[in-house]
Amino acid sequence: MLTVENISVGYGPVRAVRELSLELKPGQLGTVVGANGAGKSSLLKAVSGLVPVRSGTITFDGERIEATPAHRRTELGIAHVLEGHRVFGDQSVEANLVLGALRRYRSRRARAEVRADVSAQYERFPILGERRAQLAATLSGGEQQMLATSVALMSRPRLLLLDEPSLGLAPKLVEETFRLITALREEGLTVLLVEQRASLALRIADYGWVLRRGELVAAGPPSELTEGAQLDQAYLGAAT
Ligand code: ATP
């Protein structure tokens, strides 16, 4: 479904991602783990089109997209939940959800259909239903994370990019977040998850990549990655 080949991403003199390749099959939950500054967010942004690649190719469902504008990639079925669960704080929960649908479908999608999707989100996240009229900025951190994910789902994505969904959440909410990601995968969604909490992410993933200073240092099924000192070494090396 997603093939990333030899991509490099940079900001001025900073080389955030160096000649990185990975492949995600339909229905797979893949996770990219690595320390702070390893280049995880830059990789996701390259896939969703928020930063340009300096070289390399990205193919989604057989279509080359590395030069495709971000909004068009959303229309193709790629949704990105940014780190820090960003939502429109001065809008209500419900307005955020409706805007999520418009991201992909603009005016083409019937109102009734958007309504049905909003209701489906309230079923999945009852707390959002209870708070539908509340301004998003007044939600708790965990609720904002829920809303950000829910907004992404409103675009009916086929590939969901999640950037550190557990960041800043209390342990109980972290568990809930990981349960939700597992549930989404079980529903058939393809997910690329970026996490610093490597052991948790690898517990639920089908495949993992370890990123260190912009380069992949290991890749494989979680059982292989967590064996031995491979993962620790990657972290120790990236600790500075
Ligand atoms: P974290 O877990 O801390 O979010 P990360 O693995 O997601 O880290 P990135 O955010 O992709 O890493 O950053 C990779 C490198 O690129 C870092 O050295 C960072 O300082 C740099 N970088 C990221 N965004 C920018 C930017 N807009 N301008 C300049 N440098 C940037």
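Everything below is about the structure shown above.
The present account deals with the structure reproduced in this document. Everything quoted here is computed from the prediction, not taken from an experiment.

## Quick word on the overall build of the protein chain
Part 1 of the argument: Of the regular secondary structure elements, the protein chain holds 10 helices and 10 strands.
Part 2 of the argument: Along the first, second and third principal axes, the C-alpha atoms of the protein chain reach 50 × 40 × 35 Å.
Part 3 of the argument: Long-range contacts, defined here as pairs at least 24 residues apart, represent 68% of the contacts in the protein chain between residues at least 6 apart.
Part 4 of the argument: Accessible area for the protein chain stands at about 11200 Å²; split by element, carbon and sulfur atoms hold 50% of it.
Part 5 of the argument: Put simply, the protein chain has 29 plus and 27 minus side-chain charges, and the middle of one group is 5 Å from the middle of the other.

## Some remarks on the site of the ligand
Part 1 of the argument: Lining the immediate surroundings of the ligand are 14 residues, of which N36, G37, K40, S41 and S42 lie closest.
Part 2 of the argument: In the model, an oxygen atom of the ligand is placed 2.7 Å from a nitrogen or oxygen of the N36 side chain.
Part 3 of the argument: One of the side-chain nitrogen or oxygen atoms of K40 is found 2.8 Å away from an oxygen atom of the ligand.
Part 4 of the argument: If the ligand stood free it would expose 630 Å²; the protein chains cover 62% of that surface.
Part 5 of the argument: Mapped by element, the contributors of at least two residues to the shell around the ligand are strand 2 (14-24) and helix 1 (40-48).
Part 6 of the argument: The leading source of residues in the shell around the ligand is helix 1, at three residues.
Part 7 of the argument: The residue makeup of the shell around the ligand, split by class, is five nonpolar, six polar and three charged.

## Examining helix 6 (residues 141-153)
Part 1 of the argument: With 13 residues, helix 6 should reach 18 Å at 1.5 Å per residue; the first-to-last C-alpha distance of 18 Å fits that figure.
Part 2 of the argument: Burial within helix 6 is extensive, with 12 of its 13 residues counted as buried.
Part 3 of the argument: Along helix 6, the residues that are buried comprise G142, E143, Q144, Q145, M146, L147, A148, T149, S150, V151, A152 and L153.

## Thoughts on the sheet that holds strand 1 (residues 2-11)
Part 1 of the argument: The four strands are arranged 2-1-4-5 in an open sheet whose pairing can be described as antiparallel. Pairing within the sheet leaves two strands with one partner each, and these edge strands are strand 2 and strand 5 (63-64).
Part 2 of the argument: Pairing geometry for strand 1 and strand 2, over seven bridges, is antiparallel. Bridge pairing in strand 2 places T3 opposite E23.
Part 3 of the argument: Contacts between helix 1 and the sheet are confined to strand 1, strand 2 and strand 4 (55-60), with strand 1 contributing the most and set at about 115° to the helix.

## Thoughts on the environment of E23
Part 1 of the argument: In this structure, E23 sits in strand 2.
Part 2 of the argument: By relative accessible area, E23 is classed as partly exposed at 46%.
Part 3 of the argument: Between the C-alpha atoms of E23 and V9, which are 14 residues apart in sequence, the distance is 17 Å.
Part 4 of the argument: For E23, the contacting residues outside a window of four places in its chain are L2, T3, Q28 and W209.

## Remarks on the nonpolar core
Part 1 of the argument: Among the nonpolar cores identified, the biggest contains 41 residues, and L97, L147, L160 and L193 are the most heavily contacted of them.
Part 2 of the argument: With residues near it in sequence (within four places) discarded, L97 still touches V118, Q121, Y122, L147, S150, V151 and M154.
Part 3 of the argument: Counting 28 residues, the second largest nonpolar core, distinct from the first, contains I7, V9, F60 and I65.

## Remarks on the packing of aromatic side chains
Part 1 of the argument: As enumerated under the stated definition, the model contains one aromatic pair in all.
Part 2 of the argument: Judged by centre distance (5.1 Å) and plane angle (55°), the rings of Y207 and W209 are tilted.
Part 3 of the argument: You can call Y207 partly exposed: its relative accessible area is 28%.
Part 4 of the argument: Residue classification places W209 among the buried positions, given a relative accessible area of 3%.

Calculation rules
Residues numbered from 1 in each chain as written. Predicted model: local features only at pLDDT ≥ 70, side-chain atom pairs only at ≥ 80, totals over all residues. Heavy atoms only, no water. Helix = DSSP H or I, 4+ residues; strand = E, 2+ residues; numbered from the N terminus. Contact = heavy atoms within 4.5 Å. Areas by Shrake-Rupley, 256 points an atom, 1.4 Å probe, with all protein chains shown as cover. Lys, Arg positive; Asp, Glu negative; His and termini not counted. Charge placed at Lys NZ, Arg CZ, Asp CG, Glu CD. Near = heavy atom within 4 Å. Polar contact = N/O pair within 3.5 Å; in protein donor to acceptor, adjacent residues only side chain to side chain. Nonpolar A, V, L, I, M, F, W, Y, C, P; charged D, E, K, R; others polar. Expected span 1.5 Å × (residues − 1). Buried < 20%, exposed > 50% of the residue type's maximum accessible area, 1.4 Å probe, protein only. Pairing = 2+ DSSP bridges. Axes fitted to C-alpha atoms, helices over the stretch in contact; angles between N-to-C directions. Core = buried A, V, L, I, M, F, W, Y, C linked by side-chain atoms within 4.5 Å. Phe/Tyr/Trp six-rings, centres within 6.5 Å; stacked < 30°, edge-to-face > 60°.

Keep in mind these numbers describe shape, not what the thing actually does.
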